[in-house]
Amino acid sequence: MKTIIVNGVERNIEENGVTFRKLIQEVNASLSGGSRVISAIKVDGTELSTEKQDEMLDSVVDSMGAIEFTATSTMELAMETLTTLEQYIDRIIQNIDRAGALYRNKNYLAADGYFMKTVDGMDLFVQTMSGIKATMKVGMNAKVALAEATLISIMNDLLDAKKQNNYVMLSELLLLDLTENMREWKTTVFPSIRERAGS
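Notes on the structure in this doc start here. (Residues numbered from 1 in each chain as written. Predicted model: local features only at pLDDT ≥ 70, side-chain atom pairs only at ≥ 80, totals over all residues. Heavy atoms only, no water.)

## A word on the overall build of the protein
Alright, step 1. Check the secondary structure of the protein and you find six helices and five strands.
Alright, step 2. A compact globule built from 199 residues should have a C-alpha radius of gyration of about 16 Å, whereas the protein, at 22 Å, is more than 25% larger.
Alright, step 3. The principal-axis extents of the C-alpha atoms in the protein amount to approximately 70 × 40 × 25 Å.
Alright, step 4. Counting contacts in the protein only where the partners sit at least 6 residues apart, residues at least 24 apart contribute 72% of the total.
Alright, step 5. Counting only carbon and sulfur atoms, one obtains 51% of the accessible surface of the protein, whose full area is about 11,200 Å².
Alright, step 6. Side-chain charges of the protein comprise 21 positive and 28 negative groups, with the mean position of each set lying 4 Å from the other. (Helix = DSSP H or I, 4+ residues; strand = E, 2+ residues; numbered from the N terminus. Rg over C-alpha atoms; globule rule 2.2 N^0.38 Å. Contact = heavy atoms within 4.5 Å. Areas by Shrake-Rupley, 256 points an atom, 1.4 Å probe, with all protein chains shown as cover. Lys, Arg positive; Asp, Glu negative; His and termini not counted. Charge placed at Lys NZ, Arg CZ, Asp CG, Glu CD.)

## With respect to the side chain of Ser192
Alright, step 1. Tracing the chain through its elements places Ser192 in helix 6 (residues 167–198).
Alright, step 2. When its relative accessible area of 12% is taken as the criterion, Ser192 is described as buried.
Alright, step 3. For Ser192, the residues in contact, after removing those within four places along its chain, are Asn141 and Lys143. (Buried < 20%, exposed > 50% of the residue type's maximum accessible area, 1.4 Å probe, protein only.)

## Some thoughts on the sheet that holds strand 2 (residues 9–13)
Alright, step 1. Taken in spatial order, the five strands make up an open sheet running 2-1-5-3-4, and their pairing is mixed. Each edge of the sheet is formed by a strand with only one pairing partner; in this case those strands are strand 2 and strand 4 (46–47).
Alright, step 2. Where strand 1 (residues 2–6) and strand 2 come together, five bridges link them in antiparallel fashion. Across the sheet, the residue bridging to Thr3 is Asn12, located in strand 2.
Alright, step 3. Running at roughly 140° to strand 3 (residues 36–43), helix 1 (residues 20–30) makes contact with strand 1, strand 2, strand 3 and strand 5 (67–73) of the sheet.
Alright, step 4. Across the sheet, helix 3 (residues 74–104) is in contact with strand 3 and strand 5; its angle to strand 5 comes to roughly 80°. (Pairing = 2+ DSSP bridges. Axes fitted to C-alpha atoms, helices over the stretch in contact; angles between N-to-C directions.)

## A closer look at the pattern of salt bridges
Alright, step 1. On inspection of all chains with the given rule, the structure shows seven salt bridges.
Alright, step 2. Arg21 is the salt-bridge partner of Asp58, the closest N and O atoms lying 3.0 Å from each other. With Asp58 in the loop between helix 2 (50–56) and strand 5 and Arg21 in helix 1, the pair connects residues that are 37 residues apart, well separated along the chain.
Alright, step 3. Here Asp58 falls in the exposed class, since its relative accessible area comes to 57%.
Alright, step 4. The shortest N-O distance in the salt bridge between Asp90 and Lys186 comes to 2.6 Å. (Salt bridge = Lys/Arg side-chain N within 4 Å of Asp/Glu carboxyl O.)

## Structural notes on the packing of helix 4 (residues 108–136) against helix 5 (residues 142–163)
Alright, step 1. Interaxial distance between helix 4 and helix 5 falls to 12 Å at its minimum, and their mutual angle equals 155°. One way to sum up the angle between helix 4 and helix 5 is to call them roughly antiparallel. The hand of the helix 4/helix 5 crossing is left-handed. Here Asp112, Phe115, Val119, Met122, Phe125, Val126 and Lys133 of helix 4 come into contact with helix 5, specifically with Val144, Glu148, Leu151, Met155, Leu158, Leu159 and Lys162.
Alright, step 2. Here the residues of the contact of helix 4 with helix 5 sort into 10 nonpolar, no polar and four charged. (Parallel < 35°, antiparallel > 145°, perpendicular 65-115°, else oblique. Left-handed = near helix turned anticlockwise from the far one by under 90°. Nonpolar A, V, L, I, M, F, W, Y, C, P; charged D, E, K, R; others polar.)

Written out as structure tokens, the structure reads:
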């Protein structure tokens, strides 16, 4: 028998050559019907990075030290992710501003680099927001729908301007429209999502 800890509660498990992968699957399965997920794993008091967890998947639990799991509700994770996205928006806006200013100053090569960072950042933002919306069951929130539609329109306009090498339009879309949309997410949309989640 080996003792593990899940959210501060000790549990005994059969060792018998069980792999770390199998243990993680069993702990996940035991969490309240999918509304909670493993958010952190510690071995001998040290939190494992995702990479380290992956390296250890085929290790036998018998050979490992003390194992502790922290499980968090999917709603809590979504709220934490929303907070992280607020900080991420600030970084995106910095890239947007740099790209826009560089296009305006006709430094096209440097601007293209920041433009690509902006596009990649926006892609990650949209994917993350999709996950948050699904988890928090945001549905047809008018503020979210309007901000999304505006963002899609701006991104389409940006890609069209880029294809046409219309650097004046790129600069204006970045510095005015996209920056304003990102600030709207932070000041209006996120508080609306939090309010809806709290009700």
